[in-house]
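Here's the letter readout for the chains.
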Amino acid sequence: MKRVHFISNLFAPRFAQEGNPYGNVYARAVNVYRYVNKGMATRKAVDIFKRIGTEATRLAEGSLSRKVFVGGVWRDAHSKQVFPVYNPATWEIIAEVSDVNRDDVHEAISQAYTAQKKWRLTTAKERSNILKSFHARLMEVKDDMARLITLEQGKPLVEAQAEVAYSATFVEWFAEEGKRVYGDIMPNPVNSRRALVSKQPVGVAALIVPWNFPMAMLLRKASAALVAGCSVVAKPSEETPLTAMAVAELLSQSGIPDGLFNLVTCSRPNVSMVGDTICDSNMVAKVSFTGSTKVGKLLMRNCANTIKRLSLELGGNAPLIVFDSADVETAVNGTMAAKFRNTGQACIAANRILVQDGIFDKYVEKLSKKVAELRLGHGFAEGVNQGPLINQPAVDKVSRLVGDATSKGAEIITGGGIDNNLGTCFYRPSVLTNMNAEMTMNYEEIFGPIAPLTKSVIKNQFMLTCVHLC
């Protein structure tokens, strides 16, 4: 196999050209990046981390990549085990990360529990100021954080940049809103008494974060918890731990007290162990989870014994409904945004598209044309707006759902199948018609770039279809 060797810093300023910060040379190099060997893929992560800070440099170069962030320091994991992190576009190993055991999780929880006792006594302004410092630091390295997201998650760089900006708004908003957590004075039936309501932090918050938006979901949860006076034990997805590790380093640089933000990373076989340890701990007061409905139900059951507070954002089967009265161009543009963001890998993505028969043919024509114009490719390549699916099981699931639909009468209007010229995880954005209620795709979340279109004759049929398929 042909190997292409890059200079060690793919993002060096010398690639910059007027009007194009990456340059044509860089764009051409990225198009053949899937042939890069492991050493160069790892080098890319090192270069990104170097610009984040001294500790992050050691993190990327290996002395810290096999450690966990607990108690405000990067330390050796008790397990002494690691697992690989891959670039989904190339399947090159980016880094090896600590695969924690139960002792590591217990220590992270204990450190968070101890630190929170002091943190809860600080003023809202003090907590807000630290978040503001973190926000400023995040903005200083926003481009590198975006590149890191693209490297381990695969989404196009422009979407990764948008995610960093989106993430920063959570930090900024909670930093301000945290100073406005007001209490209340309630009427009392007894004249000699006064009823006061004061809001208090719940304690240790365990945050279980998905891979599709590794920074936004982490910071939406962590910013709220920290400014409220809680401490955090975060578990990122095994697919995208590097973004969370960079966030931990930036929080440390921003002056957050030791023990308030702790990070436990693990491989897929150890996910259940980490989840069970969190759920069983009496020190953890709150669990926040974004992910599948199946896992959400499991967490709800397991948290019952210790009566934890729960915030669950689970998978969906969202319909997108288009009536005859709609402006077709507007409807198509809305569909593109709702369906193909992050290559369809979003829990709020439209899973079923129901279109009234009066505009169905026109809608199919316009949507198919726009979908065919989408550019599938490696996230760093110029002009790409659709990246790879996260891993092979994700590709297998999409292929299974499309295969089931076509075997039952669905027609692929555009797209379909894997683009093997790019790699094994690149599924072509697709439009399907002739959908019916027998197809599994109607009941199972797709989580991929597939737009299944169902024609409906009358408005009442939309309602019946939505109720039947939910």
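Refer to the preceding data block for the structure.
Residues numbered from 1 in each chain as written. Predicted model: local features only at pLDDT ≥ 70, side-chain atom pairs only at ≥ 80, totals over all residues. Heavy atoms only, no water.

**What about the packing of aromatic side chains?**
Move 1: Counting across every chain of the model gives five aromatic pairs.
Move 2: Centroid distance Trp 173 to Phe 174: 5.1 Å. Interplanar angle 85°. Geometry classified as edge-to-face.
Move 3: With a relative accessible area of 18%, Phe 174 lands in the buried category.
Move 4: The ring of Tyr 166 has Arg 341 sitting right over it, with the charged end atom 5.9 Å from the ring centre. (Phe/Tyr/Trp six-rings, centres within 6.5 Å; stacked < 30°, edge-to-face > 60°. Buried < 20%, exposed > 50% of the residue type's maximum accessible area, 1.4 Å probe, protein only. Lys NZ or Arg CZ within 6 Å of the ring centre and 35° of its normal.)

**Examining unusual backbone geometry**
Among all residues except glycine, the phi angle is most often negative; among peptide bonds, the trans geometry is most common.
Move 1: Phi at Thr 343 takes a positive value of approximately 55°, unusual for a residue other than glycine.
Move 2: The topology assignment puts Thr 343 in the loop between α12 (328-340) and β13 (352-356).
Move 3: Although it is not a glycine, Asn 434 adopts a positive phi angle of roughly 60°.
Move 4: By the secondary structure assignment, Asn 434 is in the loop between β15 (430-433) and β16 (450-456). (Helix = DSSP H or I, 4+ residues; strand = E, 2+ residues; numbered from the N terminus.)

**Some points on the side chain of Asn 342**
Move 1: Along the chain, the position of Asn 342 falls in the loop between α12 and β13.
Move 2: Residue Asn 342 is classed as buried on the basis of its relative accessible area of 1%.
Move 3: Separated by 3.2 Å, the side chain of Asn 342 and the backbone oxygen of Asn 212 make a polar contact.
Move 4: A polar contact of 2.9 Å, which involves the side chain of Asn 342, links it to the backbone oxygen of Gln 345.
Move 5: Setting aside anything within four residues of it in sequence, one finds Asn 342 in contact with Gln 153, Lys 155, Glu 159, Asn 212 and Phe 213. (Polar contact = N/O pair within 3.5 Å; in protein donor to acceptor, adjacent residues only side chain to side chain. Contact = heavy atoms within 4.5 Å.)

**Topic: the packing of α12 against helix α13 (residues 357-373)**
Move 1: At a minimum axis distance of 10 Å, the contact between α12 and α13 shows a crossing angle of 50°. Viewed along their axes, α12 and α13 adopt a mutual orientation that is oblique. Crossing of α12 against α13: the hand is right-handed. On the side of α12, the interface is formed by Val 328, Glu 329, Ala 331, Val 332, Asn 333, Thr 335, Met 336 and Phe 340, while α13 contributes Ile 359, Lys 362, Tyr 363, Lys 366, Leu 367, Lys 370 and Val 371.
Move 2: Among the residues making up the contact of α12 with α13, the classes are represented as nine nonpolar, two polar and four charged. (Axes fitted to C-alpha atoms, helices over the stretch in contact; angles between N-to-C directions. Parallel < 35°, antiparallel > 145°, perpendicular 65-115°, else oblique. Left-handed = near helix turned anticlockwise from the far one by under 90°. Nonpolar A, V, L, I, M, F, W, Y, C, P; charged D, E, K, R; others polar.)

**Some words on the sheet that holds β13**
Move 1: Across the sheet, which stays open at both edges, the five strands sit in the order β12-β13-β16-β15-β14 with mixed pairing between neighbours. Each of the sheet's edge strands pairs with one partner strand only, and the pair in question is β12 (319-322) and β14 (411-414). This sheet shows a mean twist of 30° between the axes of neighbouring strands, independent of strand direction.
Move 2: Here β15 runs beside β16; their pairing, made up of three bridges, is parallel. Within β16, the residue paired with Val 431 across the bridge is Ala 451.
Move 3: Each of β12, β13, β14, β15 and β16 touches α13; the most contacted strand, β16, lies at about 170° to it. (Pairing = 2+ DSSP bridges.)

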